[in-house]
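Fold and contact review
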Amino acid sequence: MNAAPEAQLRLLDLQEIDTALDRLAHRRRTLPELAEIERHEARLAELRDLVVGAETELADADREQRKVENDVDVVTTRMARDQQRLDTGAVSHAKELESLRHELDSLAKRQGDLEEVVLEHMERREEIETRLRGLRTEQESVATSLDAAVAARDESFAGIDADAAGRTTDRAKLAGELPEDLLALYEKIRASAGGQGAAPLHRGQCMGCRLPLPPTEMSRFRTAPADEVLRCEECRRILVRTPESGL
Ligand SMILES: [Zn+2]
């Protein structure tokens, strides 16, 4: 392929812009804020599940407590009735009296047991409420951190995008001025060679693969016409001659 030496030199300018654009795209993909946002979002999802779990536990505990309190009421009512029967002398038969006293004793024991259960439930409830408060506090603080990370990401995006937009405009202008076949070759190599399609030949070294050119290749390049598009034997990139090429 042939191309004017000036066009070949401008290919290096294009390469510089493309490399900068690739770096910007890489920076955009790997911003530390992105990992931070992901971490905060994952924790928020965990916290949402934990809150739902705790709220369910709390509802269950409340239902159980109401049930036990209801049992306490039944026992208390029964005891009051029995006590009234005793106090008013409604029961006079000795055997009946004994059975009534016996019932009152077991009701008192049952009442004591139930009250203990009520206390246990209250403690359980407090424990869940404390946990829930902690979870909600953490939710707020993680949400605040997430907002800050999103704002920082957007600011970084805006900076990168503005930079990229400027370079993209420059690139389009430059690419429009290059011969189509040279540009197509450059693009093809760039796609398969890690983003670098053209490299300067610098003091006998290909700046694409960083390998020194064999002396035979150097002597061939020395006599090659200026408009011949040279390629590195090793990496196949377009080699652009400059005053520092060592030819
Ligand atoms: Zn090379």
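An account of the accompanying structure is given in this report. (Residues numbered from 1 in each chain as written. Predicted model: local features only at pLDDT ≥ 70, side-chain atom pairs only at ≥ 80, totals over all residues. Heavy atoms only, no water.)

**Some remarks on the packing of aromatic side chains**
According to the stated counting rule, one finds zero aromatic pairs in the structure shown. Positioned above the aromatic ring of Phe-157, the side-chain terminus of Arg-28 is 3.8 Å from the ring centre. (Phe/Tyr/Trp six-rings, centres within 6.5 Å; stacked < 30°, edge-to-face > 60°. Lys NZ or Arg CZ within 6 Å of the ring centre and 35° of its normal.)

**What to know about the layout of surface pockets**
There is about 160 Å³ of room inside the largest pocket. Forming the boundary of the largest pocket are Leu-12, Asp-13, Gln-15, Glu-16, Thr-19, Gln-196, Ala-198, Ala-199 and Pro-200. With five residues, helix α1 (residues 5-29) is the largest single contributor of residues to the lining of the largest pocket. The class makeup of the residues in the lining of the largest pocket is four nonpolar, three polar and two charged. (1 Å grid on protein atoms, 1.4 Å probe; cavity = no way out; pocket = protein on both sides within 12 Å on 5 of 7 lines; lining within 4 Å. Points joined across faces, edges and corners; volume = space filled by probe spheres on them. Helix = DSSP H or I, 4+ residues; strand = E, 2+ residues; numbered from the N terminus. Nonpolar A, V, L, I, M, F, W, Y, C, P; charged D, E, K, R; others polar.)

**A short note on α1**
The end-to-end C-alpha distance of α1, which contains 25 residues, comes to 36 Å, matching closely the 36 Å that a straight helix rising 1.5 Å per residue would cover. Regarding α1, the residues found buried are Ala-7, Gln-8, Leu-11, Leu-12, Leu-14, Gln-15, Ile-17, Asp-18, Ala-20, Leu-21 and Leu-24. Of the surrounding secondary structure, the elements contacted by the buried residues of α1 are α3 (94-177), α4 (180-192), β1 (198-202) and β4 (238-241). (Expected span 1.5 Å × (residues − 1). Buried < 20%, exposed > 50% of the residue type's maximum accessible area, 1.4 Å probe, protein only. Contact = heavy atoms within 4.5 Å.)

**A word on the environment of Arg-190**
By secondary structure assignment, the location of Arg-190 is in helix α4. A relative accessible area of 16% means that Arg-190 is categorised as buried. Sequence separation between Arg-190 and Asp-18 is 172 residues, and the spatial gap between their C-alpha atoms is 9.5 Å. In this structure Arg-190 touches Gln-15, Asp-18, Asp-22, Gly-195, Gln-196 and Gly-197, once residues within four positions along its chain are discounted. There is a polar contact of 3.1 Å between the side chain of Arg-190 and the side chain of Asp-22. (Polar contact = N/O pair within 3.5 Å; in protein donor to acceptor, adjacent residues only side chain to side chain.)

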